[in-house]
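Listed below, chain by chain, are the residues.
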Amino acid sequence: MTENGQSTTFKSKITAYVVGCWLLAAFGGMMFGYDIGISGGVTSMDDFLEKFFPKVYERKQHAVENNYCKYDNQLLQLFTSSLYLAALVATFFASKACSLLGRKYTILIASCFFIISAILSSVGNNIELLIVARILFGIGVGFGNESVPLFLTEVAPIQHRGAVNILFQLFVTIGILIANLVNYFTSTVHPNGWRWSLGLAGVPAVILFLGSLVITDTPSSLVERGKDEKGKKVLKKIRGVENVDEEFEQIREGCERAKLVKQPFKKLMERSSVPPMVIGISIQVFQQLTGINAIMFYAPVLFQTIGFKSDASLLSSVVTGSVNVLSTLVSIYAVDKVGRRKLLLQACIQMFICQMAVGLILAITLKNTGTISKELGIVVLLMVCLYVAAFAWSWGPLGWLIPSETFPLETRTAGFAFAVSTNMLMTFVVAQAFLSMLCKMRAFIFIFFSGWILVMGLFVILFVPETKGVALEDINERVWSVHPIWKKFVSERRNLPMV
Ligand code: BGC
């Protein structure tokens, strides 16, 4: 350990091979993002509704115009959000696959589910088949979101771990943006535009499939499965240097210790696992309670609500999508320099101000019918962009990074599965509830979310430790054992050799 409390960084070069591995694996994030961005648009296409949800289509044609209640339909929302239930369950199988088969093959499995799903949904002619396709996609998301962040965290050199892990989120945001653009064009293609939207998911899925054949498995996953020789070889390859003895030894010790734990899920219920479990789960709950998916899923609906025309609304969601991608780059740059806590806290302040501003503007000016002035519409759009920017350099990426780096190896895949499935559950809840909440709470929904932002800011101040620059194998000793609250839970481990 160095004098400033950080772990020793080992020598490494950034080789073309390792960058290739990072980027190819990150395509798993693009699949997740593509779906987030595509489903809202598809379920508002008339051709799609007429074919699969004729009653909804009928109602939409005769809907009494109400700004806040335009698209409130549980069945349709269920179509969008069912994927997340499948993903939620799949995550736990993915955790087993990650331990038994390794991260690489778990990514490969995810890509197969994505490919089959894309084929089915582009040829499907009945709702049953379409739902099967969505469930398969959900299983893919469960496997992908479990394995890709872990993969990235484990192959990254300590000093760049945050940045490398955030490639996952960067690709999520690129996926969302591409999906918004695809919808923008396919919504004018009749009657099969929606098939294109769903089927084009096959392109990144095939890249992920081919990529998963090329990438390496992570050294810790290999050593964990008894493949020490190969683990060392891979470590040399991804670090681009010959002398990796010290780092390898650290990984090997971590694995030795992990091997003693036969039932990781049981271990997670022990007192010493409370800190990473609380952090991993809460950070994902809060990530969704920022209200981000109210924007991501329903941006076009939202912008129509404030009086933008259909086209302008879709374009505005392309604007927010671009802000999302660009601001994620800020996080890649800042996370290993500024640290996790500062980013989370700064974003809480910015998101709070923006949500309050949107809530108040709409509460005061937008009634059930009519629109708001063009100038105020632009202010709202600006506030939404600033809000998305803050999310994108903080809670978005850190929601995946922090849980992937705070569990010790013996409980990492199992613990991370809880974090991923919490994300899926909360995404499901927000997707399912948002339109009904918008209809009932009207502009106050934004004030509701800003209330949560205050809670999460307080949570960060009290409970979230700084993990910047700490080796994964040092997390127990350097993070939990020295935290004013969490040290009580891990104190019995202090005298053990920490790996
Ligand atoms: C979240 C998604 C969200 C996306 C927005 C991800 O980190 O998990 O729910 O839609 O960020 O960029």
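The structure displayed is predicted, hence computed values, not measured ones. Sequence positions are assigned chain by chain, starting from 1 and proceeding in written order. Under the rules for a predicted model, residues below a pLDDT of 70 receive no local features and side-chain atom pairs below 80 are neither given nor counted, while totals for whole chains, interfaces and linings still include all residues. Hydrogens and water molecules were not included; the side-chain quantities draw on all heavy atoms of the structure.

**Observations regarding the site of the ligand**
Residue proximity to a molecule or strand is established when one non-hydrogen atom of the residue lies within 4 Å of it. Around the ligand lies a shell of 14 residues, among which Gln-169, Gln-287, Gln-288, Asn-293 and Asn-324 are the nearest. By the criterion applied in these results, polar contacts are pairs of N or O atoms within 3.5 Å in which, for protein atoms, one can donate a hydrogen and the other can accept it, and in which residues neighboring in sequence qualify only through two side-chain atoms. Interatomic distance of 3.1 Å between a side-chain N/O atom of Asn-423 and an oxygen atom of the ligand. Cavities and pockets are found on a 1 Å grid laid over the protein atoms alone: a cavity is a set of points where a 1.4 Å probe fits but cannot escape, a pocket is an open set with protein on both sides within 12 Å along at least five of seven lines, and a lining residue has an atom within 4 Å of such a point. Molecule-in-pocket calls rest on the fraction of atoms, with more than half required to lie within 2 Å of the cavity or pocket grid points. Among the detected pockets, the ligand sits in the second largest cavity. Secondary structure is summarised from DSSP: a helix means a run of H or I of at least four residues, a strand means a run of E of at least two, and numbering begins at the N terminus for each. Among the secondary structure elements, those contributing two or more residues to the shell around the ligand are helix H1 (16-42), helix H7 (161-186), helix H14 (274-289), helix H15 (292-305) and helix H19 (395-406). For the shell around the ligand, the leading source of residues is H7, giving 3 residues. Polar here means any residue other than Ala, Val, Leu, Ile, Met, Phe, Trp, Tyr, Cys and Pro, which are nonpolar, and Asp, Glu, Lys and Arg, which are charged; Gly is therefore polar. Within the shell around the ligand, the residues separate by chemical class into 6 nonpolar, 8 polar and no charged.

**Section: the packing of aromatic side chains**
The description of two aromatic rings rests on the distance between their centres and on the angle between their planes. When the centres of two rings from Phe, Tyr and Trp lie within 6.5 Å, Trp using its six-membered ring, the rings pair. Their planes under 30 degrees apart give stacked, over 60 give edge-to-face, and anything left gives tilted. Scanning all chains against the criterion turns up 22 aromatic pairs. Arranged with centres 6.4 Å apart and planes meeting at 90°, the rings of Phe-286 and Trp-395 form a pair that is edge-to-face. Of this pair, Phe-286 sits in helix H14 while Trp-395 is found in helix H19, placing the two residues 109 residues apart along the sequence. Each member of the pair, Phe-286 together with Trp-395, is buried. Pairing Trp-480 with Trp-486 gives two aromatic rings, centres 6.3 Å apart and planes at 90°, and the pair type is edge-to-face. Across this residue pair, the class does not change: Trp-480 and Trp-486 are buried. Here a set of aromatic residues connected by ring pairs shows up, and it is made of Phe-286, Trp-395, Phe-459, Phe-463, Trp-480, Trp-486 and Phe-489. Lying across the ring of Phe-79, Arg-134 places its NZ or CZ 4.9 Å from the centre. Comment: the charge-over-ring label is applied if NZ (Lys) or CZ (Arg) is within 6 Å of the ring centre and within 35 degrees of the ring normal. Lying over the aromatic face of Phe-489, Arg-271 brings its terminal NZ or CZ to 4.6 Å of the ring centre. Under the scheme applied here, a residue whose accessible area is under 20% of the maximum for its type counts as buried, over 50% as exposed, and between as partly exposed, the area being computed with a 1.4 Å probe on protein chains only.

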